[in-house]
Amino acid sequence: MEIIFSNHSKKQLSNLDVRIQQKIIFTLEKFKNNQPVDIIKLKNKEDEFRIRTGNYRIQLHKIEEGFLVTKVGKRENFYLVFL
């Protein structure tokens, strides 16, 4: 299984504190190695998942090779929907 970052998610990750970046990368490594993480499928979204790591969330989209990280952010701003 491969985990790929989109350009937007790379930028979001780089804007975070280094300690938070390490925590997110560690959680993704655990997920990649089939260790337990807090992951759920998003409602009304096909092949999209969310991983919780502390107060931060990682949005993943299932692709053939593995998973594409599409969004990384703080919980307060993660679920905002623009109308």
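Everything that follows concerns the structure shown earlier in this document.
Residues numbered from 1 in each chain as written. Predicted model: local features only at pLDDT ≥ 70, side-chain atom pairs only at ≥ 80, totals over all residues. Heavy atoms only, no water.

## Section: helix α2 (residues 18-32)
Cut-off, in case you're wondering: Runs of H or I in DSSP of at least four residues are treated as helices and runs of E of at least two as strands, each being numbered from the N terminus. Here the expected span of a helix is defined as 1.5 Å times the quantity of residues minus one. Per-residue accessibility, obtained with a 1.4 Å probe over protein chains only, is compared with the maximum for each type, and a residue is labelled buried under 20%, exposed over 50%, and partly exposed between these values. Arc, as used here, means the arc of the directions from the helix axis to the C-beta atoms. Residues count as neighbours in contact if any of their non-hydrogen atoms are within 4.5 Å of one another.
In this model, α2 (15 residues) spans 21 Å end to end at C-alpha, consistent with the 21 Å of a helix rising 1.5 Å per residue. When α2 is considered as a whole, its buried residues turn out to be I20, I24, T27, L28 and F31. Take α2 and look down its axis: the buried residues cluster within an arc of 95°, on one side only. Away from the buried face of α2 by more than 90 degrees, exposed residues V18, R19, Q22 and F26 are located. Against the buried residues of α2 lie β1 (2-5), α1 (7-14), β2 (38-41), β3 (48-53), β4 (56-62) and β5 (66-74).

## Focus: the pattern of salt bridges
Any two side chains of opposite charge can pair, on the condition that their charged atoms come close. To be explicit about the condition: Here a salt bridge means any side-chain nitrogen of Lys or Arg lying within 4 Å of a carboxyl oxygen belonging to Asp or Glu.
A complete count under the given rule lists three salt bridges for this structure. In this structure, D38 engages R50 in a salt bridge whose closest nitrogen and oxygen atoms are separated by 3.8 Å. Of this pair, D38 sits in strand β2 while R50 sits in strand β3; the two residues are 12 residues apart in sequence, bridging distant segments of the chain. With relative accessibility at 29%, the residue D38 sits in the partly exposed group.

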